[in-house]
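# Geometric and topological summary
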Amino acid sequence: MNTVLSRANSLFAFSLSVMAALTFGCFITTAFKERSVHVRIDVTRVMLKNVEDFTGPRERSDLGFITFDINADLQTIFDWNVKQLFLYLSAEYSTKNNALNQVVLWDKIILRGDNPKLLLKDMKSKYFFFDDGNGLKGNRNVTLTLSWNVVPNAGILPLVTGSGYVSVPFPEAYEATKSY
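Everything numeric here is computed off the predicted structure, so don't read it as measured data. (Residues numbered from 1 in each chain as written. Predicted model: local features only at pLDDT ≥ 70, side-chain atom pairs only at ≥ 80, totals over all residues. Heavy atoms only, no water.)

Further remarks concern the pattern of salt bridges. Tallied over the entire structure, the rule returns five salt bridges. Here Lys 33 and Asp 79 are joined by a salt bridge, their closest N and O atoms 3.4 Å apart. One end of the pair, Lys 33, is in the loop between helix 1 (4-30) and strand 1 (39-53); the other, Asp 79, is in the loop between strand 2 (59-73) and strand 3 (82-93), and 46 residues separate them in sequence. Taking relative accessible area as the criterion, Lys 33 reaches 32% and is therefore assigned partly exposed. Accessibility expressed as a relative area gives 17% for Asp 79, which makes it buried. Connected through shared salt-bridge partners, Lys 33, Arg 35 and Asp 79 make up one network. (Salt bridge = Lys/Arg side-chain N within 4 Å of Asp/Glu carboxyl O. Helix = DSSP H or I, 4+ residues; strand = E, 2+ residues; numbered from the N terminus. Buried < 20%, exposed > 50% of the residue type's maximum accessible area, 1.4 Å probe, protein only.)

Printed below as a string of structure tokens:
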């Protein structure tokens, strides 16, 4: 006859197997869903300054300021397997020193139950837009894209890029810094 401990062990193993199968079923029902939506990004203002970079040798680096609008409806991304979205706006550009530069300018977390429609106007960069030299001055092709990580209840963590982007030319001259 089986002891109480062996019966408890069998019950625990069976319960764990059922929970693993249910978790896999949760993952597989949403694994192949399209998570990309159209995003509209408009840039309303671009400003460029040349400031002293305190992270390295006493050189000056470009510091960009961007004011932007974002319009996107992320409702179709949310389903029963999505906990939250981690959104971020990134800038990609190339310089003489680097073939590809990527800088995150802004981010936001949207939880399930929050309003998934983004109607953001006159937003400023949340993080500094530094270049490691003077690669922003006169750069004609700084591309802004909105991307997001889908955080599921079960399954993989996909990285999705929205279907809209905007290319922004940076000015040929620096803004004058005010001295107080």
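Let us keep going from here.
With that settled, the discussion passes to the sheet that holds strand 4 (residues 101-111). The antiparallel open sheet is built from four strands, whose spatial order is 4-3-7-8. Of all strands in the sheet, those bounded by a partner on one side alone are strand 4 and strand 8 (159-168). When the angles between neighbouring strand axes are averaged without regard to direction, this sheet yields 20°. (Pairing = 2+ DSSP bridges. Axes fitted to C-alpha atoms, helices over the stretch in contact; angles between N-to-C directions.)

Attention now moves to a nonpolar patch on the surface. Together, Phe 12, Leu 16 and Met 19 line one region of the surface with nonpolar side chains, adding up to about 340 Å² of accessible area. Mapped onto the secondary structure, Leu 16 falls in helix 1. Residue class for Leu 16 comes out partly exposed when judged on its relative accessible area of 46%. (Patch = residues over 30% accessible without salt bridge, like charges linked within 9 Å, V, L, I, M, F, W, Y side chains within 5 Å. Areas by Shrake-Rupley, 256 points an atom, 1.4 Å probe, with all protein chains shown as cover.)

Should the pLDDT be low somewhere, the predicted coordinates at that spot are not to be read in detail. Here the chain averages 89 in pLDDT, while 97% of its residues score no lower than 70. Least confident of the elements in the chain is strand 8, whose mean pLDDT is 89; most confident is strand 4, at 95. (pLDDT = per-residue confidence, 0-100.)

So, on to the side chain of Thr 145. Within the secondary structure layout, Thr 145 lies in strand 7 (residues 142-152). By relative accessible area, Thr 145 is classed as buried at 12%. When sequence neighbours within four positions are dropped, the list of residues in contact with Thr 145 reads Ile 41, Tyr 88, Leu 89, Ser 90, Thr 161 and Tyr 165. (Contact = heavy atoms within 4.5 Å.)

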